[in-house]
Amino acid sequence: TCQDIHQDTTRILSDHASSSSHREPTPPLQRKRQSPLIPFGVAGLRTHAQTKRARLPTLHSSTVWTFVSVPTLMIAIATSLLLLLPSIITPWARQSMAWYLTQLDAFPLVTKSVTSGIIGLAGDFCAQLLEAKFLKKNNGKPYDVRRGMAILVDGLFVSGPIMHWGYDTMERILPVGGNVAAMIHVIADSIVLDSLFVATAMIGTGLLEGYKFRKDILPQLKRDYAPTVKAGWATSVTLMPLVFVCFRFLPVTLRTVAINLTDVIWNGIISFMAHRNRQRSNACDGAAAVMI
């Protein structure tokens, strides 16, 4: 009936109103925030550029001066040193070389012997430092002065004079006029003179260091002479290009000096080979004395 329809309509409207009152309110639509990095329009671009310029750090004049002046000053100092050092060192080097050549012409034997002794001392010094550092020898001492003095005396009175007379003799027998003659001199120096130097070094330094000839030095020669000569020959082969240049292009008066300079490594190896078993025998003798 009409009354029933009216009641049903009223009930539906009341139910809808009650449900709408309990429902959460719908939030209003929010406008998406525009990123400041993406401006739109000419005004936006101008505003963005001003903001970005304001954020940049400002370089003061003192900072710019520091970054420019310090490298420039360092380059100027380095260039000045490179230009001034040759003018300082060159006269000193020329005067020293002139003085040495004068002594070499006036006293050839003495000058060559002193040079040989000093260079032999330098080679032994290097050998002792390496032994003390890596092999823990010399009984904890970094340097054995008596051993160094023995090498110096050997160069002064044995090795230096032998090189002086030996090179003069070889030049008289076969003058160096080409590569073949120079190579023969190099081979004779490596085989004949080096073998002689090993023997004189082992005997001379042994006597100067207090070893007895029959008891200590002769057994060492039998035991260590051949290995030491082989080590000397191997070193001479390595240094042969430098030695060849010395014999081929230098006069006889300068050969002893040049060969001595190239033989610093050779002297160090020979000194090491000559003294390695001496220290072992000393340690064995000391241990035997303690046991007795």
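Residues numbered from 1 in each chain as written. Predicted model: local features only at pLDDT ≥ 70, side-chain atom pairs only at ≥ 80, totals over all residues. Heavy atoms only, no water.

Undergrad: Please clarify how the overall build of the protein chain should be interpreted in this entry.
TA: Each helix and strand counted, the protein chain has nine helices and zero strands in total. Each helix (α) and strand (β) of the protein chain, taken in turn from the N terminus, gives the series α-α-α-α-α-α-α-α-α. Here the protein chain holds 292 residues, and the buried ones make up 31% of them. A sequence separation of at least 24 residues applies to 71% of the contacts in the protein chain between residues at least 6 apart. (Helix = DSSP H or I, 4+ residues; strand = E, 2+ residues; numbered from the N terminus. Buried < 20%, exposed > 50% of the residue type's maximum accessible area, 1.4 Å probe, protein only. Contact = heavy atoms within 4.5 Å.)

Undergrad: Mind showing me how you'd approach the packing of aromatic side chains here?
TA: For any pair of aromatic rings, the description consists of the separation of the ring centres together with the inter-plane angle of the planes. With the rule as written, the count across this model stands at two aromatic pairs. Between Phe-125 and Tyr-143, the ring centres sit 5.4 Å apart and the planes meet at 55 degrees, which makes this aromatic pair tilted. Linking Phe-125 in helix 4 (residues 108-135) with Tyr-143 in the loop between helix 4 and helix 5 (145-173), this pair joins segments that are 18 residues apart in sequence. Residues Tyr-167 and Phe-247 carry aromatic rings whose centres are separated by 5.3 Å and whose planes lie at 85 degrees to one another, so their mutual orientation is edge-to-face. Here Tyr-167, found in helix 5, pairs with Phe-247, found in helix 7 (residues 213-249); they are 80 residues apart in sequence, far enough to count as distant. Sitting over the ring of Phe-249, Arg-248 keeps its end group 5.2 Å from the ring centre. (Phe/Tyr/Trp six-rings, centres within 6.5 Å; stacked < 30°, edge-to-face > 60°. Lys NZ or Arg CZ within 6 Å of the ring centre and 35° of its normal.)

Undergrad: Looking at this model, I keep getting lost on the environment of Ser-271. Mind explaining?
TA: Its place among the elements puts Ser-271 in helix 9 (residues 264-291). Separated by 124 residues in sequence, Ser-271 and Arg-147 place their C-alpha atoms 9.3 Å apart. The contacts of Ser-271, once residues within four sequence positions are left out, are Asp-124, Arg-147 and Ile-151.

Undergrad: Looking at this model, I keep getting lost on the nonpolar core. Mind explaining?
TA: In summary, soluble globular proteins display a tendency toward joint burial of nonpolar side chains. Among the nonpolar cores identified, the biggest contains 24 residues, and Tyr-167, Val-198, Val-243, Phe-247 and Ile-259 are the most heavily contacted of them. For this core, the secondary structure elements donating two or more residues are helix 5, helix 6 (179-208), helix 7, helix 8 (252-262) and helix 9. It is helix 7 that provides the largest number of residues to this core, a total of eight residues. Setting aside its immediate chain neighbours within four residues, Tyr-167 contacts Asp-189, Leu-193, Phe-247, Val-252, Arg-255, Thr-256 and Ile-259. (Core = buried A, V, L, I, M, F, W, Y, C linked by side-chain atoms within 4.5 Å.)

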